[in-house]
Each structure stands twice: as structure tokens, then as C-alpha cells.
Amino acid sequence: MKILNFGSLNIDYVYSVEHFLRGGETLSSDRLDIFCGGKGLNQSVALKKSGIEVYHAGALGESDGAFLLDFLDETGVNLEFVRKLPMKSGHAIIQKNPEGQNCIMLYGGANQNIERSQVDAVLEHFEEGDFIVLQNEISEIGYIMEKAHEKGLRIVLNPSPMDSKIFTYPLDYVELLILNEIEAGDLLSSTIENAAKIDAEIKPKSTGLQAQGDVLIKQLSSRFRHMKILLTLGDDGSIYRDADTIIKQGIYRVDVVDTTAAGDTFTGFFIGAIAEGKSEKEALELAAKAASISVSRQGAAPSIPDKKEVLSWDF
Ligand SMILES: Nc1ncnc2c1ncn2[C@@H]1O[C@H](COP(=O)(O)OP(=O)(O)O)[C@@H](O)[C@H]1O
Ligand SMILES: [Mg+2]
């Protein structure tokens, strides 16, 4: 059984600025930091670090993307299905102010130039029972899902970042849906006719995210009956639900440094553990531990621990 992650590869350009740009203004930045990014890349790193083999499929620019491949290669991700295109890699231009806040402009570049011919060529190498992991940062997700389903692949979807394209995908083919509370709210309010009703049910009763989580997971399971659902709730933990069981997982407390990639770390470790045959309960525990370590460190992909480290931490 193989694991394929068909997802984004991104370059994050972080410019330090005195203040965010205003219309018509020209502003100098005296510091530029460049990082590997993209939910696809982060999740491939987390999948690999959870201890399984992972194939990353995707696209990047032939002139600017080499360091992304170097990073993934050093991590041990299989890159034979990454295509180099004569264009810019997907990238984010990020302004960071002295208070540490961000202002982000995202350009899809090669990530939005995934072609059906690439999808067909990649999926030829996978077969029934293999896992395919998807996020919402590349083009042709709907087509990938159709083809993956035809071949009997097990589809895991993380509908992030959430946008209206999600509703055009064949969601019935998803075996496991992994999402956070904001994505869950967006998904429900646009799929259930009366969005106001959901608001009324969720908001007044909730005392916090956990109460909101209970309502959300119930709504998700009744809307997407055949799916296994994993809802993450930031520092309120996570809830897993399938036809037979509901499991709640708390967080492991750490000194929080940077929560970027917490969700991606959690996703990669959960899927990795399930693919290795672990129970959902064990997978949740491992994912929560890995994600908590990642929030205790600066950065996105570089903050993701490997399984050995997760098991050696004394929580
Ligand atoms: N402050 C935190 N301390 C410890 N673990 C955390 C913290 N924030 C998030 N996590 C872990 O990471 C998981 C995913 O975080 P979440 O914020 O829900 O994802 P996303 O990054 O997609 O919004 C949580 O379910 C939890 O296990
Ligand atoms: Mg969150």
C-alpha cells in the first residue's frame, strides 16, 4: 500500500516592514527571509516524518523551485512525480510588521497549472487501496478525485484553504475529511440550505470551542454520512467520528512559540499512523503529540518533529 500526496509546493518570501503598505505607497524592506511552504509540502514532510514512505506529486517552477526539492529530498520524500514547469513556483509575498503580524499575498503559479495529463500519468503508478491525500491549493482537485476514485484509491481531503471550489468537487468520494473549526463552519453554512439555522444552533449554546466542536461534528456527520471526519479545534484538541465511534483528543500543553503548520503536522501524523494500521485512538494521540511539539518551535515545515522525537518527548 502506497501513500500519495498530490499537493502544493510554495515559496514563502517574508519581508520585514515598519508598517503594512498603503495604497500608492513605496516602502523599503531591510530584511527578506525565504522559507519552504505550502500545505502540500508541509503535509508530505509530516507524513514522511511520521515514519511512512510518501510520494509527493505536484508542480513547481524550473528556475526558482530547486530549494524546495532539496528540502523534500533531504527529508526523504519521493519526488519522482513532481513536475518542473517553465513558470514561477507558487509563492507568497508576506509583509511582517514589528508586532509580528502578517499580511499575505498568494500567487498560485505552478500549483495552479496541474494538468490532467500529469494526473493521469501519476495515478498510473497507484492502485486500489493506496491512499491519496489532497488539500485545496492546486488546480484539478475535482479531476484528481474522480480518477482516484475510479482506481479505488482511499481519498483523504483537507479542504484548506476553504473556498467555493470545494463545492464543485465530488465530495461523495472522500473517505476521510480532515478540517479545522473555521473550515467546518464554512463547509456547513454553504451546504446546508439555512445557514442562519446553523448559526442559531451553534452560537448561543456554545461556551467555547469544545461545545462548538460537538455541534459541528454532529452537523458534519449528518451532512456527509459516509465520511470519517476529523475536526481539529486548535488548543481545544480534536474530535474524530465515524459510523461506529466518536473519540475526543485533548492537546499536550507546551510553551507556544508558533502555531504555523500545527494542522499540517496533525494531519500527516494521523494519516501516517492509520496507514501503518494503528487504531484511530492511537493515531490521534500521536498526531496531538507531534502537533504540540511543532507549536513549541518557530517555523512551518522545519518545526515538524519526526516519530522518534515524538516518542521520546516526556509530556
Ligand atoms: N496551542 C497549542 N498547543 C498544543 N497543541 C496545539 C495547539 N494548537 C494546536 N495544537 C494541536 O494541533 C492540532 C491542529 O491545530 P488547529 O489549529 O486545529 O489546526 P489548523 O492549523 O489547521 O487551524 C490541534 O488539534 C492540536 O492537537
Ligand atoms: Mg487553528
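The following paragraphs examine the structure supplied in this document. (Residues numbered from 1 in each chain as written. Chains lettered and ligands numbered in written order. Predicted model: local features only at pLDDT ≥ 70, side-chain atom pairs only at ≥ 80, totals over all residues.)

### Points about the pairing of strand β7 (residues 102–107)
- Where strand β6 (residues 90–96) lies against β7, six bridges are found, and the strand directions are antiparallel. Note that in β7 the partner of Lys-96 across the bridge is Asn-102.
- Between the end of β6 and the start of β7, which pair antiparallel, lie five residues, with Gly-100 showing a positive phi angle near 85°. (Pairing = 2+ DSSP bridges. Helix = DSSP H or I, 4+ residues; strand = E, 2+ residues; numbered from the N terminus.)

### As for the environment of Phe-126
- In this structure, Phe-126 sits in the loop between α3 (116–123) and β8 (131–134).
- Taking the C-beta count within 10 Å as the criterion, Phe-126 has 22 such neighbours and is therefore assigned buried.
- A C-alpha to C-alpha distance of 22 Å links Phe-126 and Leu-60, two positions 66 residues apart in sequence.
- Phe-126 has contacts with Lys-2, Leu-4, Lys-151 and Leu-153, leaving out every residue within four places of it along the chain. (Buried ≥ 20, exposed ≤ 12 C-beta atoms within 10 Å, placed from the backbone. Contact = placed C-beta atoms within 7 Å.)

### Considerations on the site of ligand 1
- In the vicinity of ligand 1, 18 residues are found, and the nearest of them are Thr-232, Gly-234, Ala-262, Gly-263 and Ala-291.
- Of all the secondary-structure elements, those providing two or more residues to the shell around ligand 1 are α8 (262–275) and α9 (280–295).
- Per-class residue counts for the shell around ligand 1 are nine nonpolar, eight polar and one charged. (Near = placed C-beta within 6 Å. Nonpolar A, V, L, I, M, F, W, Y, C, P; charged D, E, K, R; others polar.)

### Here's the deal with the sheet that holds strand β13 (residues 246–249)
- If you walk across this open sheet you meet the nine strands as β5-β4-β1-β8-β9-β10-β11-β12-β13, and the pairing is mixed. Among the strands making up the open sheet, the edge pair consists of β5 (78–85) and β13. Here the average twist between neighbouring strands, direction ignored, is 15°.
- Sitting on the sheet, helix α1 (residues 39–49) is in contact with β1 (3–6), β4 (55–61) and β8, with an inclination near 160° to β1. (Axes fitted to C-alpha atoms, helices over the stretch in contact; angles between N-to-C directions.)

### Some details on the pairing of β6
- With seven bridges joining them, strand β2 (residues 10–16) and β6 adopt parallel strand pairing. Residue Ile-11 lies in a different strand from β6, and its bridge partner there is His-91.

### Considering the packing of α3 against helix α4 (residues 141–150)
- Interhelical geometry of α3 versus α4 gives an angle of 30° and a closest axis separation of 10 Å. With respect to each other, α3 and α4 are oriented roughly parallel. Of the two possible hands of crossing, α3 and α4 adopt the one that is right-handed. Within the contact between the two elements, α3 uses Arg-116, Val-119, Asp-120 and Leu-123 and α4 uses Tyr-143, Ile-144, Lys-147 and Ala-148.
- Across the contact of α3 with α4, the residue classes break down as five nonpolar, no polar and three charged. (Parallel < 35°, antiparallel > 145°, perpendicular 65-115°, else oblique. Left-handed = near helix turned anticlockwise from the far one by under 90°.)

### A few points about helix α2 (residues 66–75)
- Buried residues of α2: Leu-68, Leu-72 and Thr-75, and no others. All buried residues of α2 lie within an arc of 55° about the axis, which places them on one face of the element. Away from the buried face of α2 by more than 90 degrees, exposed residues Asp-70, Asp-73 and Glu-74 are located.
- Tucked into the core, α2 has its buried residues touching β2, β3 (31–37), α1, β4 and β5.
- In the segment just after α2, Gly-76 is the residue with positive phi, at about 100°. (Arc of directions from axis to C-beta.)

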